[in-house]
Structures are given as structure tokens and as C-alpha cells.
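Architecture and fold: a report
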Amino acid sequence: MRLDHISYACTSNELADVVQRIGSDLGATFVDGGRHPSFGTRNFILPLAGGAYIEVVSALDHPAAAKAPFGRAVQSRADAGGGWLGWAVAVEDLSPIEQRLGRQGSPGHRVRPDGTELRWKQIGILELMEDPQLPFFVQWECTAAEHPSAAGGPVAIGKVELAGDPDVIRAWLGEPTASPLDEVAVEWLDADEAGVLAVWFSTVNGLVRID
């Protein structure tokens, strides 16, 4: 189990400005990730070192955004002022999680501007909406060379500031409380609302905190 990506939600009108701001802070350039037709969203991607990436995502003016859990989650976070929506972990097989939650994962796909089609399954968005500290799970149906992190540069995630209950995360992931994800430090903080508060990145210009 590894950290796959961290999602930052904003409105469609703010998308270009948010991508520019975070990219400038990190000294890196996002790429257009394309649209998610089944979710009613679109994103920009920043590949990172270590097989992870940042997703800046917004909901489209499309019926799917009001129906699909992910579209609803993105729109809700954007309406609340935007910011870190949540974190996703990659698994090789989603079946055990589907059995535990009693439902099938949602298929997703998007076509990059270069025509490459990416497909995956994800589950856990409903739980994320109820409890923002919880990550959702992703099973990719593509090669490593096609994964959004494949062109990763020097920027890497150093630490995630997370407000929540370590025991809840441990039970949800089935991983040790102190270090729920390989090679990514988690700083547990107290806050009024649970969820990802900020992410620290190592860059060519030193550590940068994005909240």
C-alpha cells in the first residue's frame, strides 16, 4: 500500500489560478490531466518523485458532477472555500476492500490531451465525505509508464499534516498507526475539522508547505 495522490479541490473559475499558485510555490509545472466523464470533474496533474502526484480538481457544469460521489465531494469542498480534499492510496487488488465495504468500486477513466486513455477503479469516496480524514483507495488499470506520476520530477512529498484519529486511520488502512504509508511521514494534529490540513514538499529550493 502506498500513497498514490493527494487531491486539492477548487471551483472551475479558480482552477487556473490555483494550478499557477501551487506550481509557482513548488517551482514545477502542472500538466492538463483531462476530464473525468463519469465523475463530472477535470484536473491538472503534477507528477512527483516517489510514484505519487498532486491533483488539482474541479467539478464541471455537468449532470455527473451532481450524481457521482467524487463529483459531489469535489463540489462540496470547493463550495466550502476549496483546499485539500483528501488523499488516495494505491492497491494492487480492490476486491478485499470491496468485500469489506459491501459494494463495488466505481470505474473511472479520462483521456489525456495526447489521446492516452487512463482507467482505474476507486472506492471510499462516500466514507471520505462522511469523515475527511479517511483516504480512498485506487486500483489502476494501466502500466507504470502510463501512471500520472510517471514523469515525476524533483518535487516530493515530505510530510502530511493530518487532523484525525490515528486509530481510525489504522483500522481503515490496516497499517501501523505511527506510519500508515511507506516513505511518507504523517504529523497528527488536533483541529476543529478532520482531514488533510497541509502538505510539506521537498523542492530544489527547500521545504515548502501548502495548506
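So, here is what we can say about the structure in this document.

Turning our attention to the overall build of the chain. A tally of regular secondary structure across the chain gives six helices and 12 strands. Its C-alpha atoms give the chain a radius of gyration of 16 Å, near enough to 17 Å, the size a compact globule of 211 residues would have. C-alpha atoms of the chain, sized along the principal axes, occupy 40 × 40 × 35 Å. Here the chain holds 211 residues, and the buried ones make up 49% of them. Restricting to contacts in the chain with at least 6 residues of sequence separation, those with at least 24 account for 65%. As displayed, the chain has an accessible area near 9,700 Å², and 49% of this comes from carbon and sulfur atoms.

We now examine empty space enclosed by the protein. Think of a ball as big as a water molecule: rolled over the atoms, this probe shows where empty space is left. All chains considered together, the criterion is met by one cavity of 30 Å³ or more. Size it by volume and the largest cavity reaches roughly 100 Å³. Elements that contribute at least two residues to the lining of the largest cavity include exactly strand 4 (53–59), strand 7 (117–123) and strand 8 (136–140). Examining the composition of the lining of the largest cavity, we find that three residues originate from one element, strand 8, more than from any other. Classifying every residue of the lining of the largest cavity gives seven nonpolar, four polar and two charged.

With mixed pairing, eight strands are arranged side by side in an open sheet as 2-3-4-1-5-8-7-6. Whereas interior strands pair on both sides, the edge strands pair on one side only; in this sheet they are strand 2 (31–36) and strand 6 (106–111). Geometrically, the sheet is characterised by an average inter-axis angle of 30 degrees between neighbouring strands, direction not taken into account. Pairing between strand 1 (residues 2–9) and strand 5 (residues 83–90): seven bridges, direction antiparallel. The partner of A9 across the bridge, within strand 5, is G83. Taken strand by strand, helix 1 (residues 15–26) contacts strand 1, strand 3 (41–47) and strand 4, and its axis lies near 165 degrees from that of strand 4. Contacts from helix 3 (residues 69–79) reach strand 1, strand 3, strand 4, strand 5, strand 7 and strand 8 within the one sheet, and its direction differs from that of strand 4 by about 85 degrees.

What follows deals with the sheet that holds strand 11 (residues 195–203). With mixed pairing, four strands are arranged side by side in an open sheet as 10-9-11-12. Edge positions in the open sheet fall to strand 10 (185–189) and strand 12 (206–210), since each of these has one partner strand only. Direction aside, the axes of adjacent strands within the sheet are offset by 20 degrees on average. Here strand 9 (residues 156–163) pairs with strand 10 via five bridges, running parallel. Looking across to strand 10, one finds that E161 is bridged to E187. Contacts from helix 1 reach strand 11 and strand 12, with the element oriented near 155 degrees to strand 12.

Take the nonpolar core next. Membership of the largest hydrophobic core comes to 38 residues, with the highest contact counts inside it found for L26, V56, W84, W87, F137, I157 and F201. If you tally residues by element for this core, the top one is helix 1, at five residues. With 20 residues, the next largest nonpolar core counts Y53, F70, L85 and L118 among its residues.

Each value, and the rule that gives it
- Residues numbered from 1 in each chain as written.
- Predicted model: local features only at pLDDT ≥ 70, side-chain atom pairs only at ≥ 80, totals over all residues.
- Heavy atoms only, no water.
- Helix = DSSP H or I, 4+ residues; strand = E, 2+ residues; numbered from the N terminus.
- Rg over C-alpha atoms; globule rule 2.2 N^0.38 Å.
- Buried < 20%, exposed > 50% of the residue type's maximum accessible area, 1.4 Å probe, protein only.
- Contact = heavy atoms within 4.5 Å.
- Areas by Shrake-Rupley, 256 points an atom, 1.4 Å probe, with all protein chains shown as cover.
- 1 Å grid on protein atoms, 1.4 Å probe; cavity = no way out; pocket = protein on both sides within 12 Å on 5 of 7 lines; lining within 4 Å.
- Points joined across faces, edges and corners; volume = space filled by probe spheres on them.
- Nonpolar A, V, L, I, M, F, W, Y, C, P; charged D, E, K, R; others polar.
- Pairing = 2+ DSSP bridges.
- Axes fitted to C-alpha atoms, helices over the stretch in contact; angles between N-to-C directions.
- Core = buried A, V, L, I, M, F, W, Y, C linked by side-chain atoms within 4.5 Å.

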